[in-house]
Amino acid sequence: MKDLRLAGLNSERSTIEVNGVTIGGKEIILIGGPCAVESSIQMSQAAETVKRAGGKILRGGVFKPRTSPYSFQGLGQEGLNYLVQAAKEQGLLCVTEVTDAPSLDLVVDKVDIIQIGARNMQNFELLKLAGKINKPIILKRGLSATIEEWLLAAEYILAAGNPHVILCERGIRTFEPSTRNTLDLSAVVVAKELSHLPVIVDPSHAAGRRDLISSLSKAALAAGADGLLIEMHPNPIEAVSDGPQSLYPEEFVQLARELGVVAESVKRVFLGGEGNLESLRTSINDIDQSIIELLAARMQLVNKLSSQKRLDRVKDASREKEIIQRLVNLATDLQLPSELVKRIYSLIFEFGVQSQIKSRLAQEKKLDLSFYPTGSK
Ligand code: PEP
Ligand code: MN
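Residues numbered from 1 in each chain as written. Chains lettered and ligands numbered in written order. Predicted model: local features only at pLDDT ≥ 70, side-chain atom pairs only at ≥ 80, totals over all residues. Heavy atoms only, no water.

**Q** Explain the site of ligand 1 to me, and be specific about the residues and the numbers.
**A** Every residue near ligand 1 is listed here: Cys-35, Arg-59, Lys-64, Glu-97, Gln-115, Gly-117, Ala-118, Arg-119, Lys-140, Arg-170, His-205 and Glu-231. A distance of 2.9 Å is found between an oxygen atom of ligand 1 and a side-chain nitrogen or oxygen belonging to Lys-64. Between Lys-140 and ligand 1, the recorded distance is 2.9 Å, taken from a side-chain N or O atom to an oxygen atom. When the residues that make up the shell around ligand 1 are grouped by side-chain class, the tally is two nonpolar, three polar and seven charged. (Near = heavy atom within 4 Å. Polar contact = N/O pair within 3.5 Å; in protein donor to acceptor, adjacent residues only side chain to side chain. Nonpolar A, V, L, I, M, F, W, Y, C, P; charged D, E, K, R; others polar.)

Next comes the structure, spelled out in structure tokens:
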């Protein structure tokens, strides 16, 4: 890897604090909104959905670098006002893309985060300008950029004086035509191995189709992404750009509900939504189901242990004490009462011991019976 003097991995991962939101910490950050800002009502509805899902940041393009000059180019200043206003109404942060010096000038004091899109990843003059401002930059990976080129593009921003860069994997061009691009999840892992910068994933531009967004988002979290940037539109059928890859509001909220358990499985946190009563209950039901499934898996492992222990050694008080101590420390970090952990685990241990004794006795009975092959008197 070339000279990554500033983006290269040093001892600590960077976290980026922006107006009360931390990117790159333990919490997964969800960014959502339409590809392009189209109207005030569209942005208010999108912001309401992002908030309901537990998202922290509203997106919406007002300067659209479109592949065709005849496609919608964005509402510019007017769109910016809709984006900023809608985010403010819901207490969200906002992000929009800039394409050149004038658009950067126009948005820099209005939005919380600035995006440099895939098509501008190697617009070195723009990168240098982004390095001179005091706002975080989401730097998308170029359509055909190697990881090295992407990290060197980030290095341009850092070298010009702005340390707040968030890398965004958004799919690369491959020979595969069934998706718009190919989401390169190994790039998430590699980028985090080579640099200290937070890495987020945009599954929308990678897939180009909404049916893949849920699976790709979960896979991205499993791969270590610090956040997701997902296109969602109040009415995707009518969207002026990227409708086919935009989630419907309810799909977005549902996906957010499902992200918590995935985040937890990789020792991260995602707090899905203030939500209404119904969506909170659905999330609680999902968590309860996971708790029972995990308890069943634990019990199976415990039973496997029984064949390797003497019957009088099934209960191991010092191991129980060690487990409780570790979990009480964890609970304290997570602001859970330690008494809760102690009580739950005393029951888990009690039932574990009983179950081990039962399965051990059953095994011994089986062995005994094998002395008397079936059919003999
Ligand atoms: C976008 O986020 O709307 C966008 C144009 O993305 P990309 O630069 O990744 O194509
Ligand atoms: Mn788009």
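**Q** I'd love a proper account of the coordination of the manganese ion (ligand 2), names of residues and values included.
**A** Note on the manganese ion (ligand 2): its protein donors are Cys-35 (SG), His-205 (NE2), Glu-231 (OE) and Asp-242 (OD). The metal-donor distances range over 2.0 to 2.3 Å. For the manganese ion (ligand 2), the single-chain donor residues occur in sequence as C-x169-H-x25-E-x10-D. Linking Cys-35 in the loop between strand E3 (29-33) and helix H1 (40-53) with Asp-242 in the loop between strand E10 (227-231) and helix H9 (249-265), this pair joins segments that are 207 residues apart in sequence. In terms of burial, Cys-35 and Asp-242 fall into one category: buried. (Donors = N, O, S within 2.8 Å, 3.2 Å for Na, K, Ca; no water. Helix = DSSP H or I, 4+ residues; strand = E, 2+ residues; numbered from the N terminus. Buried < 20%, exposed > 50% of the residue type's maximum accessible area, 1.4 Å probe, protein only.)

**Q** I'd love a proper account of the side chain of Lys-64, names of residues and values included.
**A** Its location among the elements puts Lys-64 in the loop between strand E4 (57-59) and helix H2 (77-90). Buried and without a salt bridge, Lys-64 has Glu-97 as its closest oppositely charged side chain, separated by 4.5 Å. At a separation of 3.3 Å, a polar atom in the side chain of Lys-64 contacts the main-chain carbonyl oxygen of Cys-35. Excluding residues that lie within four positions of it along the chain, Lys-64 makes contacts with Cys-35, Ala-36, Arg-59, Phe-72, Gln-73, Gly-74 and Ser-241. (Lys, Arg positive; Asp, Glu negative; His and termini not counted. Salt bridge = Lys/Arg side-chain N within 4 Å of Asp/Glu carboxyl O. Contact = heavy atoms within 4.5 Å.)

**Q** Describe in detail the pattern of salt bridges, supporting the description with residues and values.
**A** Opposite charge on two side chains allows them to pair when their charged atoms are near. Tallying each qualifying case throughout the model produces 17 salt bridges. Glu-48 serves as the salt-bridge partner of Arg-52, at 3.2 Å between the closest nitrogen and oxygen. A residue pair is termed a helical-turn pair when its members lie 3 or 4 positions apart in one helix, as Arg-52 and Glu-48 do in helix H1 at four residues. Exposure remark for Glu-48: the relative accessible area of 34% places this residue in the partly exposed category. Counted as one network, the salt bridges with shared partners bring together Glu-48, Arg-52 and Glu-250.

**Q** Explain the sheet that holds E3 to me, and be specific about the residues and the numbers.
**A** Strand order in the closed barrel made by the eight strands is E3-E4-E5-E6-E7-E8-E9-E10, with parallel pairing throughout. The mean inter-strand angle of the sheet, taken between neighbouring strand axes irrespective of direction, is 30 degrees. Bridge count for strand E5 (residues 93-98) against strand E6 (residues 113-116) is four bridges, and the pairing is parallel. Within E6, the residue paired with Val-98 across the bridge is Ile-116. Against the sheet, H1 contacts E3 and E4, and its axis sits at roughly 145 degrees relative to E4. (Pairing = 2+ DSSP bridges. Axes fitted to C-alpha atoms, helices over the stretch in contact; angles between N-to-C directions.)

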